[in-house]
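# Report on the structure
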Amino acid sequence: SRRTPSSAPPEIENVAPPCAAQGEIARVAERQPGLGPCLTGEYDVKGGKATDFRFGRVFWSQQTGAHSVLGAIGAAYQAEGGPDGPLGLPTSGETTTPDGRGRFTQFQNGVIYWSPTTGAHAIRGAIRSMWQERGAERGDLGYPTTDEITNPNKPGVVQGFQGGTVYWSSATGPRVVEGAILTTYREAGAENSELGYPTTDEISLTTRNGAFSRFQGGAIYWSPRTGAHAIPRGPVFDAWGTVDYERGRLGYPTSALRTTRDGQVMEFEGGRITVTGGRAEIS
């Protein structure tokens, strides 16, 4: 019998749609060969257009122009919702920070900063304005270490930085809590405690090189010898004030406020305040 020769396998067409960057997006890609080849054609995003590349994306709008977002900053941008999120579209490419240690990309409604030790995090709104007034990454707060976190229990947000934590509420604005005062504040329950949100940054005191921060519901005082202790508003705080706070004979607090069966007790360098039946006694 005669064998029928097998036919050659059919050629498989490359069905991937051709992609070619266009216009201003193409010009950005030409200047940044590190983006790699394009993966998509131009497509619509909120407020503009975008094209995907192997190692990043380029966004364009008539208002912002064309700018690339890539790497860790690109991942943080997508985590924030990309063009649909609160940041909007990019208004700059990735830029080296003045201190030479990090990089940042600006957006319509914020900025994302990255450093090797902190990763990439977005900063926006009142926290961003305050951070920039304090010198941005070259100031005392340094780089952001967390994203902005919304408090589910009490209206407000919190964001961590290398030099402290910023708490914001509409009633108090952005305030920095740092060092031992921050540790005590967190141990007390931070803004969800009776202290509430901070109403001042940390304030230095001339008495034995101490410091304090005010909060909606009280204060936290610190000195090198006594550490940091919270004093909620109430009869103990009021009684301490009658003897001139840390400047007076009682000095700084040395313990947390204790609730007893009969009332409240708090220890100080120079004595004790006891509250019984709503009446405070200093001893």
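Fair warning: this is a prediction, and the values are worked out from it, not measured in the lab.

## Considerations on the sheet that holds strand 18 (residues 263-268)
- Spatially, four strands are ordered 17-18-19-20 in an open sheet, and the strand pairing comes out antiparallel. Only two strands of the sheet have a single neighbouring strand rather than two, namely strand 17 (258-259) and strand 20 (279-282).

## Concerning the pattern of salt bridges
- On inspection of all chains with the given rule, the structure shows 14 salt bridges.
- Here Arg124 makes a salt bridge to Glu148, at a shortest N to O gap of 3.7 Å. A residue pair is termed long-range when its members are at least 10 positions apart, and Arg124 in the loop between strand 8 (119-123) and helix 3 (125-133) and Glu148 in the loop between helix 3 and strand 9 (149-150) qualify at 24 residues.
- Glu148 gets classed as partly exposed once you look at its relative accessible area, which sits at 23%.
- Among the charged side chains, a salt-bridge network with shared partners connects Glu80, Arg124 and Glu148.

## Some remarks on the side chain of His121
- Mapped onto the elements of the fold, His121 is located in strand 8.
- Its relative accessible area of 12% is what places His121 among the buried residues.
- One polar contact links the side chain of His121 to the main-chain carbonyl oxygen of Thr145, over a distance of 3.3 Å.
- The residues contacting His121, other than those within four sequence positions of it, are Val111, Ile112, Tyr113, Pro144, Thr145, Thr146 and Asp147.

## A few points about the confidence of the model for the chain
- Chain-level pLDDT for the chain is 93 on average; 94% of the residues reach the 70-or-more range.
- Per-residue pLDDT stays below 50 along residues 1-7; that stretch engages in zero contacts with residues further than four places along the chain or on separate chains.

## A word on helix 1 (residues 23-31)
- For helix 1, the full list of buried residues reads Ile25, Ala26, Val28 and Ala29. On an axial view of helix 1, the arc spanned by its buried residues comes to 160°, and they lie on one face. Facing away from the buried side of helix 1 by over 90 degrees, the exposed positions are Glu30 and Arg31.
- Its buried side turned inward, helix 1 meets strand 2 (48-53), strand 3 (56-61) and strand 4 (65-70).

The rules behind these values
Counting from 1, residues in each chain are numbered in the order their sequence is written. Given that the model is predicted, a residue must reach a pLDDT of at least 70 before its local features are reported, and side-chain atom pairs must reach 80 or more before they are shown or counted; all residues, however, enter totals for whole chains, interfaces and linings. With hydrogens and water set aside, each side-chain value is computed from the structure's full complement of heavy atoms. Being paired, for any two strands, means DSSP has found at least two bridges between them. Only DSSP runs of H or I with at least four residues qualify as helices, and only runs of E with at least two residues qualify as strands; both kinds are numbered from the N terminus onward. The term salt bridge refers to a pairing of a side-chain nitrogen on Lys or Arg with a carboxyl oxygen on Asp or Glu at a separation within 4 Å. With a 1.4 Å probe rolled over the protein chains alone, any residue whose accessible area is under 20% of its type maximum counts as buried; one over 50% counts as exposed, and the rest are partly exposed. For this analysis, a polar contact is any N or O atom pair within 3.5 Å, provided that within protein one partner can donate a hydrogen and the other can accept it, and provided that sequence-adjacent residues contribute only side-chain to side-chain pairs. Only heavy atoms enter the contact rule, under which two residues are in contact if any of them lie within 4.5 Å. pLDDT is a residue-level measure of predictor confidence that goes from 0 to 100. By definition, the arc is the one covered by directions from the helix axis to the C-beta atoms.

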